[in-house]
Amino acid sequence: MAPDITLDTLAWTDETLTPTGNVVIRLDATLTPFDGNYRAAMQRIERFMHALQAVPNVLDVSLQSSPVNADSASTLSGKTFGADTLKETAARFSLSMHYREVGA
């Protein structure tokens, strides 16, 4: 589904005894390859999120952390990298989603 995304960690919490009956899934991942273009990275992450939202029984996919701080209340900061340092950069992000089993 997303060969350019490397899964770093996957965790879940089973809430089947709560009224929602969902499983909360959190994943931390890295875009590979990453050429330092954060705008393109965010577009790739958004496409991945839309693909996850299209999976049956997956609800509420949300971005928990981004390779770029897009909060309008904060100052944009970061580094630019030369061609010789690109392999040291990474575009890491975290998502959370809810999964509900069929019939739940």
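Everything that follows concerns the structure shown earlier in this document.
Residues numbered from 1 in each chain as written. Predicted model: local features only at pLDDT ≥ 70, side-chain atom pairs only at ≥ 80, totals over all residues. Heavy atoms only, no water.

**Student:** How should the overall build of the protein be read in this particular structure?
**Tutor:** Looking only at helices and strands, the protein has one helix and four strands in total. Counting from the amino terminus, helix and strand elements in the protein follow one another as β-β-α-β-β. When each of the 104 residues of the protein is scored for burial, the buried share is 26%. Looking at the protein alone, contacts between residues at least 24 apart form 68% of all its contacts between residues at least 6 apart. In the structure as shown, the protein presents an accessible area of about 7,200 Å², 54% of it carried by carbon and sulfur atoms. (Helix = DSSP H or I, 4+ residues; strand = E, 2+ residues; numbered from the N terminus. Buried < 20%, exposed > 50% of the residue type's maximum accessible area, 1.4 Å probe, protein only. Contact = heavy atoms within 4.5 Å. Areas by Shrake-Rupley, 256 points an atom, 1.4 Å probe, with all protein chains shown as cover.)

**Student:** Help me understand the nonpolar core in this model?
**Tutor:** Generally speaking, soluble globular proteins have nonpolar side chains that are buried together. With 20 residues, the main nonpolar core has Ile5, Leu31, Phe48, Phe93, Leu95 and Met97 as its most contacted residues. Secondary-structure elements contributing two or more residues to this core are β2 (23-31), α1 (38-53), β3 (58-65) and β4 (91-99). The dominant element in this core, judged by the number of residues it contributes, is α1, at six residues. Apart from the residues lying within four places of it in its own chain, the contact partners of phenylalanine 48 are Met1, Ala2, Ile5, Leu27, Phe93 and Leu95. (Core = buried A, V, L, I, M, F, W, Y, C linked by side-chain atoms within 4.5 Å.)

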